[in-house]
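Listed below are the residues making up each chain.
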2 protein chains.
Amino acid sequence: MFTPRAIGFVRSAYNKTTEIPKGLGAKHEAEGVLEILREFEVGLTDIEGFSHLIVIWVFDRSEGFELLGTPPSDNRPHGVFATRSPRRPNPIGLTVVELLRRDGLLLHVRGVDMLDGTPILDIKPYLSSIPEEVLRRGWLAEAEARQSE
Amino acid sequence: MFTPRAIGFVRSAYNKTTEIPKGLGAKHEAEGVLEILREFEVGLTDIEGFSHLIVIWVFDRSEGFELLGTPPSDNRPHGVFATRSPRRPNPIGLTVVELLRRDGLLLHVRGVDMLDGTPILDIKPYLSSIPEEVLRRGWLAEAEARQSE
């Protein structure tokens with residue numbers, strides 16, 4: 001395996017998990033900054049050309065894991081690998097953000113749902129989309145349907 | 001931080017990286033299996049309802065990292081965070097696969113681009129798409145345009 005190390009940290013307005021919009025219909029429009037460490041600056045070369053980035057980060061304030069849990073978007077339990085729960089065997093989070101602009105080591109982005117100070121493990125360009133018409137969203141679509149009844 | 005642990009392993013037909021389609025126009029239609037360890041089986045509850053999954057895994061046969069590298073899809077160097085290079089500060093890979101069916105601990109999937117035996121760190125449901133019309137793909141779009149000239 002490998003030893004995870006931060007390549008930078010998230011700067012966001014969220015200091016507590018309760019401040020982050022959750023559940024059905026939650027919109028993640030919050031702006032924030034990905035502050036990359038100077039030693040990794042060269043790795044950002046040409047990142048400006050991408051509109052969206054995949055950010056891989058650590059749920060550093062989450063402890064332990066739960067294989068079956070009830071997410072905020074439903075009142076029924078689901079397997080951890082069918083949810084975005086923070087309490088995962090490997091506490092890895094993933095967020096797709098829109099890159100607004102780069103200012104040296106700072107990536108200004110929209111769509112942040114991480115706490116301030118969250119360690120970033122990796123950034124990858126977002127390259128392709130699954131067309132809406134072939135995407136099935138399992139229990140989440142069902143929970144949405146129930147709520148709109 | 002945390003200590004990464006495998007929740008399972010990829011079973012694929014690829015034993016060498018040279019066998020995996022790479023570069024512009026590479027299609028990842030290969031079928032494979034995500035073999036989850038029994039201790040994590042409950043975490044798969046309800047995963048059958050999702051058509052696509054995000055698989056987070058380890059480039060376990062990659063050594064060290066390179067902040068600037070030339071990907072197979074271009075003849076110009078780009079920053080590691082603007083590519084899918086395996087030689088990353090944290091050797092974490094990400095693949096979106098289509099879930100064909102679940103058979104207990106085995107998730108049969110399409111779209112595998114990992115080597116046989118690759119350790120899996122996490123699986124998350126794929127929930128949303130960025131519409132094609134707002135997605136910009138930076139140097140990759142330019143490299144494609146140059147190649148089709």
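Data block above holds the structure.
Since the model is a prediction, treat every value here as computed from it, not as a measurement. (Residues numbered from 1 in each chain as written. Chains lettered and ligands numbered in written order. Predicted model: local features only at pLDDT ≥ 70, side-chain atom pairs only at ≥ 80, totals over all residues. Heavy atoms only, no water.)

Undergrad: Help me out: how do you make sense of the pairing of strand S6 (residues 92–103) of chain B in this one?
TA: Remember that side chains alternate between the two faces of the sheet whenever the strand is regular. Residues and elements named next belong to chain B. Alignment of strand S3 (residues 52–58) against S6, held across seven bridges, turns out to be antiparallel. Counterpart to His52 in the pairing with S6 is Glu98. Note that S6 and strand S7 (residues 106–110) share five bridges and pair antiparallel. Bridge pairing links Asp103 to Leu106 in S7. Hairpin remark: S6 followed by S7, antiparallel, with two residues in the connecting loop; positive phi at Gly104, about 65°. (Pairing = 2+ DSSP bridges. Helix = DSSP H or I, 4+ residues; strand = E, 2+ residues; numbered from the N terminus.)

Undergrad: I would appreciate a short explanation of the sheet that holds strand S2 (residues 31–36) of chain B in the present structure.
TA: Residue and element names in this part refer to chain B. Spatially, six strands are ordered S1-S2-S7-S6-S3-S8 in a closed barrel, and the strand pairing comes out antiparallel. Geometrically, the sheet is characterised by an average inter-axis angle of 45° between neighbouring strands, direction not taken into account. The pairing of S3 with strand S8 (residues 119–125) spans five bridges and is classified as antiparallel. Looking at S8, one finds that Leu53 is bridged to Pro125. (Axes fitted to C-alpha atoms, helices over the stretch in contact; angles between N-to-C directions.)

Undergrad: Mind showing me how you'd approach the interface of chain A and chain B here?
TA: Frequently, the measure chosen for interface size is the accessible area removed from exposure when the parts meet. Across the boundary between the two partners, chain A contributes 60 residues, which contact 60 residues of chain B. Taken together, both faces of the contact between chain A and chain B bury some 5800 Å²; the carbon and sulfur share is 64%. Where chain A touches chain B, the interface holds two salt bridges. Here Asp122(A) ties to Arg88(B) by a salt bridge, and the two come within 2.7 Å at their closest N and O atoms. (Contact = heavy atoms within 4.5 Å. Buried area = accessible area lost by both parts, 1.4 Å probe. Salt bridge = Lys/Arg side-chain N within 4 Å of Asp/Glu carboxyl O.)

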